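# Survey of secondary and tertiary structure
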Amino acid sequence: MDGIVGGAIGPRFRDPLWTADGRPRASVAPDALTTLWFNTGTLCNLACGHCYIESSPRNDALVHLTAEEVGRFLDEAVHEAPDLREVGFTGGEPFVNRDLTAMLADALGRGLDALVLTNATRPLTVHRAAITELAARFGARLGFRVSLDHFNSARHEAERGPGTFAWALEGLRWLSGTGARVAVAGRLAFGQNEEELRRGYAAMFAEQCLSLDADDPRQLVLFPEMDGSAAVPEIAESCWDLLGVRPQAMMCASSRMVVRRRGADRAEVMACTLIADDERFRCGTSLAEARRRVWLSHPHCSRFCVLGNAKCG
Ligand code: SF4
Ligand code: SF4
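Residues numbered from 1 in each chain as written. Chains lettered and ligands numbered in written order. Predicted model: local features only at pLDDT ≥ 70, side-chain atom pairs only at ≥ 80, totals over all residues. Heavy atoms only, no water.

### Description of the site of ligand 1
Taken together, Cys44, Leu46, Ala47, Cys48, Cys51, Ser55, Gly92, Asn119 and Arg160 make up the full set of residues near ligand 1. Partitioned by chemical class, the residues of the shell around ligand 1 number 5 nonpolar, 3 polar and 1 charged. (Near = heavy atom within 4 Å. Nonpolar A, V, L, I, M, F, W, Y, C, P; charged D, E, K, R; others polar.)

### Quick word on the environment of valine 70
Here valine 70 is to be found in helix H1 (residues 67-80). On the basis of relative accessible area, valine 70 is assigned to the buried category, the value being 0%. Every residue in contact with valine 70, bar those within four places of it in the chain, is listed here: Phe38, Leu65 and Met103. (Helix = DSSP H or I, 4+ residues; strand = E, 2+ residues; numbered from the N terminus. Buried < 20%, exposed > 50% of the residue type's maximum accessible area, 1.4 Å probe, protein only. Contact = heavy atoms within 4.5 Å.)

### Some remarks on helix H10 (residues 299-306)
Across the 8 residues that make up H10, a large majority, 7, are buried. Here the buried face of H10 lies against strand S7 (220-224) and helix H8 (239-243).

### Digging into the environment of aspartate 21
For aspartate 21, the position within the fold is in the segment before strand S1 (27-28). C-alpha separation for the pair aspartate 21 and asparagine 193, spaced 172 residues apart in sequence, amounts to 34 Å. Looking at aspartate 21, its side chain comes within polar contact range of the side chain of threonine 19, at 2.5 Å. Only 3.1 Å separates the side chain of aspartate 21 from the side chain of arginine 23, close enough to count as a polar contact. (Polar contact = N/O pair within 3.5 Å; in protein donor to acceptor, adjacent residues only side chain to side chain.)

### Some words on the environment of valine 28
Considering the arrangement of structural elements, one finds valine 28 in strand S1. Each residue touching valine 28, except ones within four places of it in the same chain, is listed here: Trp240, Pro247, Gln248, Met250, Cys252, Ala253, Arg292, Arg293, Val294 and Leu296.

### Some details on a nonpolar patch on the surface
Together, Leu242, Leu243 and Leu307 line one region of the surface with nonpolar side chains, adding up to about 320 Å² of accessible area. Mapped onto the elements of the fold, leucine 307 is located in the segment after H10. (Patch = residues over 30% accessible without salt bridge, like charges linked within 9 Å, V, L, I, M, F, W, Y side chains within 5 Å. Areas by Shrake-Rupley, 256 points an atom, 1.4 Å probe, with all protein chains shown as cover. Salt bridge = Lys/Arg side-chain N within 4 Å of Asp/Glu carboxyl O.)

### Observations concerning the pairing of strand S6 (residues 181-188)
Most of S6 sits inside the fold, with 6 of its 8 residues counted as buried. As judged from the 5 bridges shared by strand S5 (residues 142-147) and S6, these two strands associate in the parallel manner. Residue pairing for S6: valine 146 is matched across the bridge by valine 184. Between S6 and its parallel partner S7, the chain crosses via helix H7 (residues 194-207), and the hand of that crossover is right-handed. (Pairing = 2+ DSSP bridges. Right-handed = clockwise from strand over helix to strand, strands pointing away.)

### Brief notes about the packing of aromatic side chains
For the coordinates displayed, the defined rule picks out 5 aromatic pairs. Ring geometry for phenylalanine 38 and phenylalanine 89: centres 5.8 Å apart, planes at 20°, overall stacked. With phenylalanine 38 in strand S2 (residues 35-39) and phenylalanine 89 in strand S3 (residues 86-90), this residue pair connects regions lying 51 residues apart in the sequence. For phenylalanine 38, a relative accessible area of 0% puts it in the buried group. Given the relative accessible area of 0%, phenylalanine 89 is considered buried. Here the aromatic rings of phenylalanine 95 and phenylalanine 144 are separated by 6.2 Å at their centres, their planes lie at 25°, and the arrangement is stacked. Highlighted residues: phenylalanine 95 in the loop between S3 and helix H2 (100-109) and phenylalanine 144 in strand S5, separated in sequence by 49 residues. Exposure remark for phenylalanine 95: the relative accessible area of 2% places this residue in the buried category. In textbook terms, an aromatic cluster arises when at least three aromatic residues are bridged by ring pairs, as seen for Phe38, Phe73 and Phe89. If you follow arginine 72 out to its NZ or CZ, it ends over the ring of phenylalanine 73, 4.5 Å from the centre. (Phe/Tyr/Trp six-rings, centres within 6.5 Å; stacked < 30°, edge-to-face > 60°. Lys NZ or Arg CZ within 6 Å of the ring centre and 35° of its normal.)

### Some points on the packing of H2 against helix H4 (residues 128-138)
Closest axis-to-axis distance for the H2/H4 pair is 10 Å, and the angle between their directions is 5°. Regarding the angle of H2 to H4, the classification is roughly parallel. Along its contact with H2, which presents Thr101, Leu104, Ala105, Leu108 and Gly109, the element H4 presents Ala130, Leu134 and Phe138. Its residues assigned to classes, the contact of H2 with H4 comprises 6 nonpolar, 2 polar and no charged. (Axes fitted to C-alpha atoms, helices over the stretch in contact; angles between N-to-C directions. Parallel < 35°, antiparallel > 145°, perpendicular 65-115°, else oblique.)

Here is the structure:
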């Protein structure tokens, strides 16, 4: 029994419209699209144990997007998404994609803000001249969020490999001097609570002469863990009020992510940055098609968004 019919009992997170115990599944209606993410490709120079999208130097399940493909979506946004404010670039490591700085110049030149999620290691250094130029032109409208799993190098490198902490710090210091907007992404993990982690990062920022405020959640973003093996409850439509959570606070209400699969002849749109490989979250090949309701049928919806209270990818 697959739990397809309301009232039936079936496996959890299987049916798109009904929970396993037969209740209407929670869904999110589309609001104005304000943030558009581009997954520039799953290739990465690192292969972190906790990478949710399993990036590595060999994983090209999502191939590199081109600047031309990004431009096509930004052209469409002029009519289909007039409220678009920010364009985000994630991966893999976005700087492995040689077109990244051209994509940034395009987005920023159209008056949009841009944000790059980066590990700030070797691929970034190759693009220093272009980044310097973009930061001089666009200042804080260009943003970078550097992944530093923990303020302690041994803990960071246990996930990312030897030498990665010093490399990322060097990249972070360099970016901070360009005039671009800079933030750090850490993890709510390692058996420490948020307050302990923020104090640890604050001490490290001071030691490294980085003018980042560890108490500002925009400058130090701490993400809850996505433990895929932990069981989580499904979210039914009736749960919103019980939990005191608004559907429109979910990022799939106001954002989408563009990807291109290996072997596909064109890029397509996914409902959010967290789910790249589930058919049910594919939203077509244009922003017009992607303007549709999203049913929360993936464990990440419960674990990370509704119960984990996360707001960005
Ligand atoms: S640096 Fe980021 S994208 Fe690359 S493997 Fe690590 S977590 Fe994944
Ligand atoms: S994981 Fe979060 S953002 Fe993505 S579809 Fe589910 S609720 Fe929406």
